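Observations on the three-dimensional arrangement
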Amino acid sequence: MSQVGFYQVGGDLRFQHPSYVKRKADEDLYQALKSGEFCYVFNSRQMGKSSLGIQIQQRLRGDGYACCFISLTEIGSEATADEWYFSLADIIASKLNISDDVSDWWNEHESMPALSRFGHFIKTVLLREVEQNIVIFIDEIDSVRRLKFRADDFFALIRSFYNNRVEQPEYKRLTFTLLGVSTPSDLIQSENCTPFNIGRAISLKGFQLHEAQPLAKGLLEKSTHPEEILEEILYWSGGQPFLTQKLCKLVAESAELIPSESAARFVEKLIQDKIIYNWEEQDNPEHLKTIRNRLLNNGNLIRRLLQVYQSILKNKEISSDDSSEQLELQLSGLVVNQDGKLKIRNPIYAQVFNRDWLEQKLDELSPYSESITAWRTSSFTDKSHLLRGQALKNALQWSNDKSLSDKDYKYLNASQEAESDIQEAESVRKLRNVVLIVGSFVIGTILSVSFGAYNLAYEAYEKYDACPIEKGIVGEKIGDTCFRTLKTSGEKIASLSGSNFHLKKGTEFFKQQKYEQAIKLFAQAIDSDPTDPVPQIYLNNAQARLKGNPLKIAVVASIDYYEDAAREMFRGVADAQTKFNHQNGKDNHLLEIVIVNDGNEPEVAKKVAKELANDNDILAIIGHHASESTAVALPIYQEKQIAVVSPASSSSQLKKENFFRTVSSTKVAAPKYTQYIKKHLQLDEIAIAYNPSSEYSNTLKRDFEEDFKKHGGKFFGKLIDLSETDLDIQNEIDNLIKHNIKAVLLISNVGTNSVALAIARANFKLPAKKLQLVSAMALSEKLTLEKGGDAIEGMVVPSPCLAKNSDYTKKAEKRWEQQIYWRAATSYDAAQALIAAIRISKEPTREEILKNLGSLKLPINQTSGFGLNWSSSNDYHSNTLRKYCLFQIRHHRFEEISEK
């Protein structure tokens, strides 16, 4: 047999087919049937149920059993009860070589109902004529749901055969196996007559690597390491049998040999080209369409199915239950139950049935499907497609009892905002007319009276009017940065992206000090977007204000320019604040979090720090994000005795008595880079790309060079400056390759991450020999995966460890409905540290909080999973027990590298 013909894509595999994969279910079903148990194998389509039945049938025949395999598609669903039961009896008689003419026998007993006749046939013909043990396999059992008569009686009859074993021993020789795409409750409702509560469910899982080794034989002509290719195939297929066979066949049909080092990239490209790209055209034999059709042909259940799937898509997994929606999703094959968690079965399904596909299908189910589609096509900018008047009222009424998608909420919120802004826009238009008239008069006066006044007006224009930020919001120009002045506890919208009607309205009530109304609206805003931590912080703040005399802490981040990182920080802070406030805070005083924007710009950070230092209500600071911003802000805070706890600034140069951090410094990170380069890559020389004007980048470079040299390492002579505006990236890479440099350390900071990704893309385009990329932790965020794509595959990113199984991580991922990154965990720890310092203060003041932090110790269960120890106030490098871990980007996710 040729290697290409080794695999079979679709259809039942004959007995001992070379590509048949034996699974645990094979032995489970075989032993259960030999013990006389009634068994059923229910799973999604193309999981190998029929092939399993055929293999076990042949094994049992070898043991002397009489076996009969029936597919109910042979009978059809249009038959009457009499025709259907006769057909069953006739097929059994034919396949087990019963000599009686079933047609004559059936007609002779026509006075009996069809079900009774079939039962009588089993007892008086089948068990009389066949002396061996008998196993009847009934495939496609789910087709009974389409019969014109009740199938419950058929299952009750099977149960009666088992019940009769006590008084009629001949029934011990008879057993049944049912196979199909169904659940027991779909087939029969009555607990009194169902056979499923006395039968055995056989779990049929996808191929595991150790089981699937026979498939590697068909890949021998393509690689000297077929097991590596098979491992990649199983990763992409999730062990789904049909897909696994198809991918193996595609590899076997390819025209080229596959080097071991490029197996992962080869398989991924093949899948993108032959499966995912234009999938509806390439889905032959049908597989992906089968899943799609199963999802979308569920009548009134479609929206609920898609909403459950939406939750899985957002969170990576959800807890399983016995709801009809979850069971139907599993039967579609799209998701699988693993250890009590529902997950998407494989990356192929995740990419085909992705967020865009899901949102399109949900849009099609809404009464405003055409409008929302047009709005999305305009990149959410064309307001003419938003709902107005009665159409908006109808849509809101329709949405009342439904759990909608994020895009639905965004669309309805935007429509409500547009509706409520009509009056406001008219007022603004009238005001502008007044300003133009007055402005003309003022300019005339300026020209005739005072050139100095003109200069003052021009400076104001330069500072404000000439500095638009986004969505019509005017910013202040500080240095070369257009900066949105923002300090808010709930009076202003913190984030410029997205649109949340209830959040906006809540801020209006908060500003008017109508906290009860604000609380209700912020709660609705959380429901509209449960992934956004700002509504939760605002809700907590409103509750704190309502109770009176809140304890205030500021959290400083860059919201406008690094929103993903800011949201991560806010999530951790919101979790700690919520926990503290739910425990009635300290002496009934709740915690208020003041959100502040610094743009990750040092000049802006100075201005922010001065404002916060002069606000005597602010007890402490969480932040800043970038080491550069923290460095210039620290002396200002120190002068006012304000404690600063940073969850992200890791420069080892940051040393002040008022400074603490929950992320270990670059001094701690440096050995992790050395370890990887020396131990894993086995290299003694490396090139460095960094930003010399960055506090963080400079410090990590210096700390790494010191550690690497200590272990015998050396550096390529020419440093790559990431901040050069005319940097010739391709030329730099070619130069490194020319000098036989095998790896480069990209020490980017938040401002030069895009340059590091540009280097990764240029490296990815090289035809053969490529550089191993090692990156600074600035790139360890979700945005890197989204922007980097295939170019960053294989990049290694040492970054702060995350306690994956900690109580905090599990709860946070459930709360925010997505994966949690390290900044959320370190921000939670920062807030917990300040809360602990507040708790042990007699009367919380800046000075007392600062003093308490200097001797603070927190156990694991009061942090995100590592604990804190600041009892040595002069240890600025390791005052957190959180260390650095090695992560590699594989298959578009960060995978931790084992240290063993």
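See the structure above.
A few points on the structure. (Residues numbered from 1 in each chain as written. Predicted model: local features only at pLDDT ≥ 70, side-chain atom pairs only at ≥ 80, totals over all residues. Heavy atoms only, no water.)

Comments concerning the environment of Trp357
Heads up, the rule is: Numbering goes from the N terminus for both helices and strands, where a helix is a DSSP run of H or I of at least four residues and a strand is a run of E of at least two. Between buried and exposed lies partly exposed: a residue is buried under 20% and exposed over 50% of the maximum accessible area for its type, with that area taken using a 1.4 Å probe on protein chains only.
Relative to the helices and strands, Trp357 resides in helix H16 (residues 355-364). Residue Trp357 is classed as buried on the basis of its relative accessible area, which comes to 8%.

Remarks on the layout of surface pockets
To be explicit about the condition: Cavity and pocket criteria rest on a 1 Å grid covering protein atoms alone: a 1.4 Å probe that fits but cannot get out defines a cavity, protein on both sides within 12 Å along at least 5 of 7 lines defines an open pocket, and an atom within 4 Å of a point defines a lining residue. Grid points are joined across faces, edges and corners, and a volume is the space filled by probe spheres set on the points. Under the convention adopted here, Pro, Cys and the residues Ala, Val, Leu, Ile, Met, Phe, Trp and Tyr are nonpolar, Asp, Glu, Lys and Arg are charged, and Gly plus all remaining residues are polar.
Roughly 1000 Å³ of volume is contained in the second largest pocket. Contributing to the lining of the second largest pocket are 33 residues, with Glu261, Ser262, Arg265, Glu793 and Gly794 lying nearest its centre. Counting only elements with at least two residues in the lining of the second largest pocket, the list comes to helix H8 (226-237), helix H10 (263-276), helix H30 (753-764), strand S23 (772-775) and strand S28 (887-890). A per-element tally of the lining of the second largest pocket places H10 first, with 6 residues. Across the lining of the second largest pocket, the residue classes break down as 13 nonpolar, 8 polar and 12 charged.

So, the pairing of strand S15 (residues 591-597)
The following threshold applies: Here, any two strands with at least 2 DSSP bridges between them count as paired. The handedness rule is simple: strands pointing away from the viewer, and a clockwise path from the first strand over the helix to the second, make the crossover right-handed.
Here S15 lies mainly inside the structure; 7 of its 7 residues are buried. Burial along S15 is two-sided: the face carrying Leu591, Ile593, Ile595 and Asn597 and the face carrying Glu592, Val594 and Val596 are both buried. One ladder, built from 2 bridges, connects strand S13 (residues 487-488) with S15; its direction is antiparallel. Bridge pairing in S15 places Lys487 opposite Val596. For the crossover that starts at strand S14 (residues 551-557), traverses helix H24 (residues 563-582) and ends in the parallel S15, the hand is right-handed.

Considering the sheet that holds strand S1 (residues 39-42)
Formally: In what follows, residue pairs with any heavy atoms lying within 4.5 Å of each other are defined as contacts. Axis lines are fitted through C-alpha atoms, for helices just across the contact stretch, and the angle between N-to-C directions can take any value from 0 to 180 degrees.
Taken in spatial order, the 5 strands make up an open sheet running S2-S3-S4-S1-S5, and their pairing is parallel. Sheet topology places strand S2 (66-71) and strand S5 (200-201) at the edges, where each strand pairs with a single neighbour. Direction of pairing for S2 relative to strand S3 (residues 134-139): parallel, over a ladder of 6 bridges. From the neighbouring strand, Cys68 faces S3, where its bridge partner is Ile136. Sitting on the sheet, helix H2 (residues 49-62) is in contact with S1, S2, S3 and strand S4 (174-180), with an inclination near 165 degrees to S2.

Things to note about the sheet that holds S13
With mixed pairing, the 6 strands of this open sheet are ordered in space as S13-S15-S14-S16-S17-S18. Two strands close off the open sheet at either side, each with one partner strand: S13 and strand S18 (659-661). As judged from the 3 bridges shared by strand S16 (residues 618-622) and strand S17 (residues 643-646), these two strands associate in the parallel manner. Along S17, the bridge assignment pairs Ile621 with Val644.

Comments concerning the pairing of S23
Both strand S22 (residues 743-747) and S23 contribute to a ladder of 4 bridges, which runs parallel. Residue pairing for S23: Leu746 is matched across the bridge by Ser775. With respect to chirality, the unit in which S22 leads through H30 into the neighbouring parallel S23 is right-handed.

Topic: empty space enclosed by the protein
Summed over all chains, the structure comprises 7 cavities of 30 Å³ or more. Here the largest cavity is characterised by a volume of approximately 130 Å³. Residue lining of the largest cavity: 13 residues in total, with His625, Ala648, Tyr696, Val750 and Ala778 positioned closest to the centre. Broken down by secondary-structure element, the contributors of at least two residues to the lining of the largest cavity are helix H26 (627-639) and helix H33 (822-839). Tallied by class, residues from the lining of the largest cavity come to 7 nonpolar, 4 polar and 2 charged.

Details of the nonpolar core
Put simply, the test is: We call a set of buried Ala, Val, Leu, Ile, Met, Phe, Trp, Tyr and Cys residues a nonpolar core when their side-chain atoms join them within 4.5 Å.
Grouped together as the largest cluster of nonpolar side chains are 57 residues, with contacts concentrated most on Phe570, Ile595 and Leu853. A total of 10 residues in this core trace back to one element, the largest contributor, which is H33. The contact partners of Ile595, leaving out residues within four places of it in the chain, are Leu486, Lys487, Thr488, Ala494, Val534, Ile537, Tyr538, Val555, Ile559 and Phe570. Of all hydrophobic cores here, the second largest spans 53 residues; its members include Phe207, Leu270, Ile291 and Leu306.

Considerations on a negative patch on the surface
Heads up, the rule is: Exposure above 30% relative accessible area and the lack of any salt bridge qualify a residue for a patch; like charges then connect within 9 Å, and the nonpolar side chains Val, Leu, Ile, Met, Phe, Trp and Tyr within 5 Å. Computed with the Shrake-Rupley method and a 1.4 Å probe, the accessible areas treat only the protein chains shown as cover for residues. By salt bridge we mean one thing: a side-chain nitrogen of Lys or Arg within 4 Å of a carboxyl oxygen of Asp or Glu. When charges are counted, Lys and Arg contribute as positive and Asp and Glu as negative, whereas His and the chain ends are disregarded. Think of each charge as sitting on NZ of Lys, CZ of Arg, CG of Asp or CD of Glu.
On the surface, a cluster of negative charge is made up of Asp90, Asp101, Asp104 and Glu108. Residue placement: Asp101 occurs in the loop between helix H3 (81-95) and helix H4 (102-108).

Let's talk about the state of the cysteines
Rules: Pairs of cysteine sulfur atoms within 2.5 Å are what we label disulfides.
Applying the stated rule across the entire model yields 1 disulfide. Between the sulfur atoms of Cys801 and its disulfide partner Cys885 the distance amounts to 2.0 Å. Taking the torsion about the sulfur-sulfur bond, which here is approximately 105 degrees, the covalent link between Cys801 and Cys885 counts as right-handed. With Cys801 in the loop between strand S24 (799-800) and helix H32 (807-816) and Cys885 in strand S27 (residues 884-885), this residue pair connects regions lying 84 residues apart in the sequence. Per residue, the accessibility class of Cys801 equals that of Cys885, and both read buried. Cys67 provides the cysteine sulfur closest to Cys68, a residue in no disulfide bond, and the two sulfurs are 8.8 Å apart. Residue Cys68 is classed as buried on the basis of its relative accessible area of 0%.

Observations regarding the environment of Arg59
In this structure, Arg59 sits in helix H2. Owing to a relative accessible area of 25%, Arg59 belongs among the partly exposed residues under this scheme. The spatial distance from the C-alpha of Arg59 to the C-alpha of Tyr30 is 7.9 Å, given a sequence separation of 29 residues. In this structure Arg59 touches Phe15, Asp26, Glu27 and Tyr30, once residues within four positions along its chain are discounted.

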